[in-house]
Amino acid sequence: MEYIVGVSLNGLQLLATLWFFDGYFERRYHGSQFLRIAVMWLVLECIVLNLEASILSPIKVVIVPLIYLILNCVLYKGRFTFRVFVTVAIYALFSAFAYILEFAVMSALCLQREEFIYNKCLYVGTGLLSTFGMLLFSWFVKHSFTPSKVGYYNRTWALIATVFPASSILILLLLYTAISEQELQSSFAVLCLCVMAVANVLVFVLINILKSSTQEHEILVAVSERERQQQESVAALSVAYEQQRKITHDFRKHLAVMEELLRRNAIGEAFTYVSNLQESQTERIFLVNTHNITIDAILNQKAYKAHHSQIDIRFEVNDLSGIRISPSDCTVVLGNLLDNAIEACEKIPADKRWIQVSVIRVAVPDEKNGSVLISVLNPSVPTKIVNQEIVTTKKDASLHGFGLHNVKGILAKYGAEYIMIYEDGKFAFSLDWPDCPP
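Residues numbered from 1 in each chain as written. Predicted model: local features only at pLDDT ≥ 70, side-chain atom pairs only at ≥ 80, totals over all residues. Heavy atoms only, no water.

Engineer: Mind showing me how you'd approach the overall build of the chain here?
Structural biologist: Check the secondary structure of the chain and you find 12 helices and 9 strands. Here the chain holds 438 residues, and the buried ones make up 42% of them. Expressed as a percentage of contacts within the chain between residues at least 6 apart in sequence, the contacts between residues at least 24 apart total 74%. Surface exposure of the chain reaches about 23700 Å², of which carbon and sulfur atoms provide 62%. (Helix = DSSP H or I, 4+ residues; strand = E, 2+ residues; numbered from the N terminus. Buried < 20%, exposed > 50% of the residue type's maximum accessible area, 1.4 Å probe, protein only. Contact = heavy atoms within 4.5 Å. Areas by Shrake-Rupley, 256 points an atom, 1.4 Å probe, with all protein chains shown as cover.)

So this is what it looks like as structure tokens:
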């Protein structure tokens, strides 16, 4: 019977922990696969903890948080520092819940610690009641909060915030020892634990406020970056249009001069005139032509920028005139990918700078929508990629990386698949973009 009760308590506590994790982290697995791992973990936990119903003891202060930290790493995605904070904080909070109820019962019935533990029905009933309280609280967290992206959590404040729940666990251990040795009244312990529980809840509230503030900041910077890309595209299109108008305006004059030179049979002078025209046009109006005015504008604008940075840029394109993807989304994705490639090339010697760009529309037979295959390949300094995120080495990481965040946000809207790879000194970003409206 004790075996069944122990397994049940551990299982309910594990469920409460997983629900709590669901409010702050994105799952790696879903459905039966997630369930199988959780059940296997419960078996391992029961063996390690020897089915002991007590939540707090000197050994478990280390073992239980470590077990749940490893479980979080296995089942969820997230930054390690934030995993540590949530794991330690949830252990401190659940332990406080359990001992508030336990010490309150001891105080109400005037029982000593040994008498309370000896009364199996009372002890188990109190444990079940506190566990259901944990489940209720975790259910509220699971349905009230949404897991955020990895970039929304800052390592520094996550580590600092961990100090408080870790201190709370130490105080819990001291209270446990004092109560066991009859050096402290249960009623006073309940008061201390209530204050600690409220304080730990407030830490989570403050963390969520800080997270929301960080999200709003990143969204504002992302919107600003997106607007900049669109303005650059419009400016490039305007410049190209103005240059085309000038050439069109002078076209008849040049034809008239050439006609007069040929009429006089001044072949040499005609060749000289043509050569002078070619030298006067230092840049071609269109380095690439996809028959899509928006894509042409952004590709040519970035091509001019690359040439000015002594970067050899090469394009592979086909007819993109019929694509149905939003023009503004194309501008942001292509603009950010090419900006990143240019920035990467500027960090290496000029004679090794090059960018290979492919934008190919693929029609799918017997289907309404095809896809647009985009890839950008360039040499780069060593780049670390973790979970399809580039680990920035810049001092203020919170102000960087929004270009790729914008790209990923747009691609997620279309259900596009992408991959980033760094290998043999080259960085590649490739994606398969469904050719359909968002």
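Engineer: Teacher, can you tell me more about the pairing of strand β8 (residues 417-423) here?
Structural biologist: Inspection of the sheet shows β8 paired to strand β9 (residues 426-434) by 7 bridges, in the antiparallel sense. Looking at the pairing, Tyr 422 lines up with Phe 427 of β9. (Pairing = 2+ DSSP bridges.)

Engineer: Even after reading the chapter, I still don't get the packing of aromatic side chains, so can you show me in this structure?
Structural biologist: In this description, a pair of aromatic rings is defined by centroid distance and the angle of the planes. Counted by the stated rule, this structure contains 13 aromatic pairs. Aromatic ring contacts, followed pair by pair, group Phe 20, Phe 21, Tyr 24, Phe 25, Phe 34, Tyr 76, Phe 82, Phe 85, Phe 94, Phe 97 and Phe 137 into a single cluster. Between the NZ or CZ atom of Arg 27 and the centre of the ring of Phe 34, over which it lies, the distance is 3.7 Å. (Phe/Tyr/Trp six-rings, centres within 6.5 Å; stacked < 30°, edge-to-face > 60°. Lys NZ or Arg CZ within 6 Å of the ring centre and 35° of its normal.)

Engineer: Sorry, what's going on with helix α11 (residues 327-345) here?
Structural biologist: Count 3.6 residues to each turn of an α-helix, and residues three or four apart come out pointing the same way. Between its terminal C-alpha atoms α11 stretches 27 Å, which fits the 27 Å expected from 19 residues at 1.5 Å a residue. Here α11 lies mainly inside the structure; 15 of its 19 residues are buried. (Expected span 1.5 Å × (residues − 1).)

Engineer: When you look at the confidence of the model for the chain in this model, what are you seeing that I'm missing?
Structural biologist: As a general rule, the predicted coordinates of low-pLDDT regions are not to be interpreted in detail. Of all residues in the chain, 72% attain a pLDDT of 70 or more, and the chain-wide mean is 77. In the predicted structure, residues 51-56 sits below a pLDDT of 50 and forms 26 contacts with residues beyond four places in sequence or in another chain. The low-confidence segment residues 394-401 (pLDDT under 50) makes 5 contacts with residues lying over four places distant or belonging to another chain. (pLDDT = per-residue confidence, 0-100.)

Engineer: Quick question: what am I supposed to make of the pairing of strand β3 (residues 312-317) here?
Structural biologist: Along any regular strand the residues' side chains alternate between the sheet's two faces. Sheet analysis places β3 next to strand β4 (residues 354-362), joined by 6 bridges and oriented parallel. Bridging from a neighbouring strand, Arg 314 pairs with Gln 356 of β4. Handedness of the β3-α11-β4 crossover: left-handed. (Right-handed = clockwise from strand over helix to strand, strands pointing away.)

Engineer: Is there a simple way to explain the pattern of salt bridges in this structure?
Structural biologist: Oppositely charged side chains may form a pair once their charged atoms are brought near each other. According to the stated counting rule, one finds 9 salt bridges in the structure shown. The closest approach of N and O atoms between Lys 77 and Glu 26, which form a salt bridge, is 3.8 Å. A residue pair is termed long-range when its members are at least 10 positions apart, and Lys 77 in strand β2 (residues 76-77) and Glu 26 in strand β1 (residues 26-27) qualify at 51 residues. Residue Glu 26 is classed as partly exposed on the basis of its relative accessible area of 47%. Across the salt bridge formed by Asp 329 and Lys 413, the nearest N and O atoms sit 3.2 Å from each other. Here Asp 329 is found in helix α11, whereas its partner Lys 413 is found in helix α12 (residues 402-414), with 84 residues between them in sequence. Given the relative accessible area of 2%, Asp 329 is considered buried. With a relative accessible area of 43%, Lys 413 lands in the partly exposed category. (Salt bridge = Lys/Arg side-chain N within 4 Å of Asp/Glu carboxyl O.)

Engineer: Any chance you could explain the side chain of Thr 126 here in plain terms?
Structural biologist: With respect to the helices, strands and loops of the structure, Thr 126 is situated in helix α6 (residues 120-144). Overall, Thr 126 belongs to the buried group, its relative accessible area being 6%. Here Thr 126 is in contact with Leu 101, Glu 102, Val 105 and Phe 116, once residues within four sequence places are set aside.

Engineer: Even after reading the chapter, I still don't get the environment of Phe 94, so can you show me in this structure?
Structural biologist: You can see Phe 94 is positioned in helix α4 (residues 80-108). Phe 94 gets classed as buried once you look at its relative accessible area, which sits at 7%. When neighbours within four sequence positions are excluded, Phe 94 is seen to be in contact with Ala 16, Thr 17, Phe 20, Met 134, Phe 137 and Ser 138.

Engineer: Got a minute to help me understand the sheet that holds β8 in this structure?
Structural biologist: To summarise the sheet geometry, strands pair through backbone hydrogen bonds and adopt either a parallel or an antiparallel arrangement. One open sheet holds the 5 strands; their spatial order is β3-β4-β5-β9-β8, and the pairing between them is mixed. The open sheet terminates on both sides in strands that have one partner only, identified here as β3 and β8. In this sheet, adjacent strand axes meet at a mean angle of 10° when their direction is disregarded. Direction of pairing for strand β5 (residues 371-379) relative to β9: antiparallel, over a ladder of 9 bridges. (Axes fitted to C-alpha atoms, helices over the stretch in contact; angles between N-to-C directions.)

Engineer: Can you walk me through the environment of Phe 204 in this structure?
Structural biologist: Within the element layout of this structure, Phe 204 appears in helix α8 (residues 186-263). A relative accessible area of 5% means that Phe 204 is categorised as buried. Separated by 118 residues in the primary sequence, Phe 204 and Val 86 have C-alpha atoms spaced 8.8 Å apart.

Engineer: So what exactly am I meant to see when it comes to the nonpolar core here?
Structural biologist: The nonpolar side chains of a soluble globular protein tend to be buried, and buried together. Counting 46 residues, the largest nonpolar core has Leu 18, Phe 20 and Phe 85 as its most contacted members. When contributions to this core are tallied by element, the ones reaching two or more residues are α1 (2-22), α2 (32-49), α3 (60-75), α4, α6 and α8. Ranked by the residues each element gives to this core, the list is headed by α4, at 16 residues. Setting aside residues no more than four positions away along its own chain, Leu 18 makes contact with Phe 34, Ala 38, Leu 71, Leu 75 and Tyr 76. (Core = buried A, V, L, I, M, F, W, Y, C linked by side-chain atoms within 4.5 Å.)

Engineer: Explain a nonpolar patch on the surface here, please?
Structural biologist: The grouping of Val 198, Leu 202, Val 205, Leu 206 and Ile 209 at the surface amounts to a nonpolar patch, some 470 Å² of accessible area in total. Turning to its location among the elements, Val 198 is positioned in helix α8. (Patch = residues over 30% accessible without salt bridge, like charges linked within 9 Å, V, L, I, M, F, W, Y side chains within 5 Å.)

Engineer: I keep staring at the side chain of Ser 130 and nothing clicks. Help me out?
Structural biologist: With respect to the helices, strands and loops of the structure, Ser 130 is situated in helix α6. The buried category is assigned to Ser 130, whose relative accessible area is 8%. Contacts of Ser 130, omitting those with residues within four sequence positions, involve Phe 97, Ala 98 and Leu 101.

Engineer: I tried to follow the packing of helix α10 (residues 293-308) against α11 on my own but got confused; where do I start?
Structural biologist: Packed helices, taken two at a time, are described by their axes: the angle between them and the distance between them. Where α10 contacts α11, the two axes come as close as 9 Å, and the packing angle between them is 15°. Considering the angle they form, α10 stands roughly parallel to α11. The hand of the α10/α11 crossing is right-handed. Of the residues in α11, those in contact with Thr 294, Ile 295, Ile 298, Leu 299, Lys 302, Lys 305 and Ala 306 of α10 are Pro 327, Cys 330, Thr 331, Leu 334, Gly 335, Leu 338, Asp 339 and Ile 342. (Parallel < 35°, antiparallel > 145°, perpendicular 65-115°, else oblique. Left-handed = near helix turned anticlockwise from the far one by under 90°.)

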